[in-house]
Structure formats: structure tokens, C-alpha cells
Amino acid sequence: MNIRKLTLHNWKNFAQAEVKICNRLFLVGPNASGKSNFLDAFRFLRDLASIGGGFQEAVERRGGVTALRCLAARRYPDITLGVVVRHDAEEWEYELSFNQDKQRRPAVRSERVRRGDDILLSRPTREDEKDPARLTQTYLEQVNVNQRFRELATFFASIRYLHIVPQLVREPDRSVGRANDPFGGDFLEQVAKTPEKTRNARLRRIQDALGVAVPQLQGIELFRDNRGTPHLRAKYQHWRPQGAWQTEEQFSDGTLRLMGLLWVALEGGGPLLLEEPELSLHPEVVGFLPQMFARMQRRAGRQIFLSTHSPDLLRDEGIGLDEVLLLRPTSEGTKVSPANDLQDIRDLLEGGLTLADAVIPRTRPENAVQLTLFGDK
């Protein structure tokens, strides 16, 4: 399955957005324009369908309906998310609109599932009207009623978000009890739980890739300490004849982020959401990330959606204009436009500029130079 369109209405920064989705997306925009909130729409769908999630939990994690509703919302205050998903030659559509009831609980206003030309679900139903408490749950999250479209729920649950925080990896005790932590708190535990043969094969491939960015690295392996806590250690070429071993506590931020990125790249599954994967990485390494993502997709067919501020990442000539979404804040919410819909960007590319040179300047704050005056009277 692949997501082919996303529709947002009154979702966080976005009063209204309808965007075609490619197999790769590069989200570009100023700070606070909504790049993370755009990605969070996909995370919300995952939370709806995941074990331990559901509608009430997904809304609560984000601060409630009021926190989710776009500040530019006017006459129609309902929040709506809709996606079109392609599976082989068949098209699925899921749409959810919600608000809050008199008890200020999140409440479904409408929920709709389409498969091809068949409407599999349209809420509210007669039963919902007789018992409004039913509208505090979606059908998507309920296995007793989602059988006809459970394939769609399973796909949403497979969406993966990753934004490694190196300090959480270095101090695993801070993340005891976490599962599928998007910030990498349980990253080492995920590596340890992977079947040994698969794990060792992945670590060998990661070692080969890391050897380009970290030439001194000679080997990577996983071990558990006397408390059973998993650790990674790497052998580095050194003046000593046998080299020197370091654990994740001594790894640089860039090494940890790149290891996490490479590990998740070798996984299968649904769409992968990444925020600024260029953080802590050398520009030469960043420049090859789009090619790595392209190889991932050829191997596994996995969609990759990422936000970035990096000119080095966007200079890859293989990035298509339809893969770049430009976010532009306005007084009526953030507008989302594919780069190929903007004539001035097409003109700049035809004039010989790179994609980075054509797009990045549009994301710069108008008065950034005033930061140089900070500290003056």
C-alpha cells in the first residue's frame, strides 16, 4: 500500500490543504511553518490504528481538540484528515472528521471508508445516533467492526516515525518501559530483539556504510551487560595494534543518528517519517541521503517523507519537483504547494540554478539579519 493523497482541514497550521503524495516527500519551509505538524497527520493515523492507541489517546497525546484545531478555523470548526491509499490497482480512501462533545471529549463527526467504488463505512450510523457515546471511538480502531477494511488499519499501524535523540540512546535507563519510542529511547532494545541472523546481517551492512562516514570504524556488535541491558560497541582503528572498542556512550551524535537512520532504512514496513535527517552529519554524507532513500525504495517499496532545511540534501539531481512540498505561512494558515506548481521555481531551474538554490531562499525569514543586533541596547 502507498499513500497517494492527503487532505487536511483545520489541522494545526493548516486551514485547508490537499496534496498529492509521491513515494518520497521533501518538506521545505521556514521554522514554525508546520513541517512537523504535516508529518504528524500521518502519525495520528498510526496512533488511531495502533495497539495502545485509539481515537481518544491519539487526540489526548496532542493536547486535545482545541490544541489540534487550526487558529485560522472560522465557520466550520471540525478537524478533518483524509487519505487516499493505492494498493495494486485498487484505491482506498479513509476520512475522519471530529470535534468535541458536551463533555469536551473528542467526538467523531463523520468517518468514511471507500474501497474502489464501494462505500464500506459511513458514519454516523443509526446506532451512533441512538447512542452518541459510540462516537468517542472510530471504527478503524475496533477489531469487532473493522474486518472489511482491517487491511487499511494494519497499513496505518505500520507507519514509522524516527527522530533519534542521541542522549536517550546513550542512557537507556531513562527509557525503561518505552516501546516504539520515536526518539530512539528503545532503539538498542529494538536491535537486540531482532532475530540474531537478521541483526548481524544488518549490522554488517551498517558497518560498511558507516565506514564511509567514519573511516576509523572497523566493526560493530551488540552485547548485553550484567543487568541484561543491550549496548552497541564499535571497534575503531587506533595506534594500539588491536584497535580500541567504544560503546554508544562514546559515539558522536552524528554516528548515533546515522546508525539509527541506517537501521530503520533496512527495515520493511509502511511509510517512514523523518525530521531533519541531516542533523549532526557532514554535508558530504547528507548529500548522499536522497540516493540512499531511492535505493531503499527500489528494494522495499517503502515511502519516505522527511522535513529538511539542508541545501546539501536538496542538491541531489534525482529529486523531482513533484517530490518537494513548499510550506508558506500566511495569516489564514500555512499553504502547501508542490514545487512544480510554482512557475518562478521552474524558471530558476531552467536558468541553471539547482533545486536547493531555487527553493531554500523562499524559506528564509525576511528579517533574519536582525539577529546580529541581539544584545545591543
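Residues numbered from 1 in each chain as written. Predicted model: local features only at pLDDT ≥ 70, side-chain atom pairs only at ≥ 80, totals over all residues. Heavy atoms only, no water.

Visitor: Honestly, the environment of Arg43 in this entry has me stumped. Any pointers?
Guide: Take Arg43: it is sitting in helix α1 (residues 35-49). The buried category is assigned to Arg43, whose relative accessible area is 17%. Put simply, Arg43 and Pro329 are 286 residues apart on the chain and 22 Å apart in space, counted from C-alpha to C-alpha. Setting aside residues no more than four positions away along its own chain, Arg43 makes contact with Arg62, Tyr161, Pro182 and Leu273. (Helix = DSSP H or I, 4+ residues; strand = E, 2+ residues; numbered from the N terminus. Buried < 20%, exposed > 50% of the residue type's maximum accessible area, 1.4 Å probe, protein only. Contact = heavy atoms within 4.5 Å.)

Visitor: Would you mind showing me how to read the pairing of strand β1 (residues 2-11) here?
Guide: On any regular strand, side chains alternate: one points to one face of the sheet, the next to the other face. Burial of β1 is extensive: seven of the 10 residues sit out of reach of the surface. Of the pairings in the sheet, the one linking β1 to strand β4 (residues 79-87) comprises seven bridges and is antiparallel in character. Along β4, the bridge assignment pairs Leu8 with Leu81. As paired strands, β1 and strand β2 (residues 14-20) are joined by six bridges and run antiparallel to one another. By the bridge assignment, Leu8 is partnered in β2 with Ala17. Taken together, β1 and the strand that follows it, β2, pair antiparallel across an intervening segment of two residues, in which Lys12 is found at a positive phi of about 50 degrees. (Pairing = 2+ DSSP bridges.)

Visitor: Help me out: how do you make sense of the nonpolar core in this one?
Guide: Here is a general trend for soluble globular proteins: nonpolar side chains tend to be buried in one another's company. Ile220, Leu232 and Phe293 are the most contacted members of the largest nonpolar core, which totals 53 residues. Among the elements that make up this core, the one with the highest residue count is helix α9 (residues 253-266) (nine residues). Setting aside residues no more than four positions away along its own chain, Leu232 makes contact with Phe187, Leu188, Leu203, Ile220, Glu221, Leu222, Phe223, Gln246, Thr247, Glu248, Phe251 and Met259. Val59, Leu152, Phe155 and Leu325 belong to the second-largest nonpolar core, a separate cluster that totals 50 residues. (Core = buried A, V, L, I, M, F, W, Y, C linked by side-chain atoms within 4.5 Å.)

The quantities given are spatial measurements derived from coordinates; they are silent on function.
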